[in-house]
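Coordinate inspection notes
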Amino acid sequence: MEAHATLSLTLPYNIDFTVTRSGDYRHRPGDPVLVRRSPLIDGLSSSSGLVLLEHTADGGSGGFTRIPVDYSGILKLPEEERITVNSYTQNLGQLLPGENFKLHGTLPEFYQRRLEAGKRYTLLWPGKAVTMWAWGSIQDHPNIEMRANDHDNQKEEPRLILPGGPRITFLTESVAEPPWPQRTRREAEVGFARANLDERDWRSTRWSRLSSPPIQDSERCEGAPHLAMALACDPTVAFGCELARVTDCQGVP
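Quick summary incoming for the structure in this document. (Residues numbered from 1 in each chain as written. Predicted model: local features only at pLDDT ≥ 70, side-chain atom pairs only at ≥ 80, totals over all residues. Heavy atoms only, no water.)

Ordered by their spatial adjacency, 3 strands build an open sheet running β1-β3-β9, and the pairing between neighbours is antiparallel. A strand with exactly one partner marks an edge of an open sheet, and here the two such strands are β1 (2-3) and β9 (100-106). Direction of pairing for β1 relative to strand β3 (residues 14-20): antiparallel, over a ladder of 2 bridges. Looking across to β3, one finds that Ala 3 is bridged to Ile 15. (Pairing = 2+ DSSP bridges. Helix = DSSP H or I, 4+ residues; strand = E, 2+ residues; numbered from the N terminus.)

Below, the structure written as structure tokens:
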């Protein structure tokens, strides 16, 4: 798990997850395994997902206090029980031993509203079995339906476990400066989560307006240093579980 060390209570907070298959696992090492992992379904919307801990000054229980999160209002999604396997299926990784795939999530409102400004928190993955997986590749299972817990009653199959321990720790700040003038109105109109996105867009636009425009060569001071920047990326870009070839990424943000 990776995320920024500071969380603003009025902006979206993004978290990156990396799921890795053990490199030394000996059970069917030559076979790929398909794993469905959703940051929202598996990590951020159930009581068996991420645990929210507040750092306590008095030491408390190991220096942490668990903050309860209310999941009662969350609707169950169809993809929690079954998905159709194809190259466009979201949150589906195809892994050989040692390989990994990355997921991106945003901290939901019911977590963020439990936070207080000026405090330090940790989000901890406590460990859990993977509920939806299958041996083989996407090509082996074109458009078949994968169901949760299909392997629970198959004694010859192993249990796939994501061990506990991964965590992120962050310090909260109340409001990004300067305060967004439309925050109260927009939150009343569209809700907390959407207002966070709108505030992020406002700040991005404001920063662009405040940025200095590029100067011309004729405006440069004689003898001043020249700074150059180049943008580059890998020759392949992951899209779902397929790799789309990119012929030339130079200069593409």
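This is not the end of the story, as more comes after the structure.
What follows covers the pattern of salt bridges. What the rule picks out here adds up to 14 salt bridges. The closest approach of N and O atoms between Glu 116 and Lys 119, which form a salt bridge, is 3.0 Å. Residue classification places Glu 116 among the partly exposed residues on the basis of a relative accessible area of 44%. Judged by relative accessible area, Lys 119 falls into the partly exposed class, the value being 26%. Note that Glu 145 is salt-bridged to Arg 147, the shortest N-O span being 2.9 Å. The partly exposed category is assigned to Arg 147, whose relative accessible area is 37%. What you see here is one network of salt bridges that share partners, running through Glu 109, Arg 113, Arg 183, Glu 187, Glu 199 and Arg 203. (Salt bridge = Lys/Arg side-chain N within 4 Å of Asp/Glu carboxyl O. Buried < 20%, exposed > 50% of the residue type's maximum accessible area, 1.4 Å probe, protein only.)

Geometric values such as these leave the question of function open.
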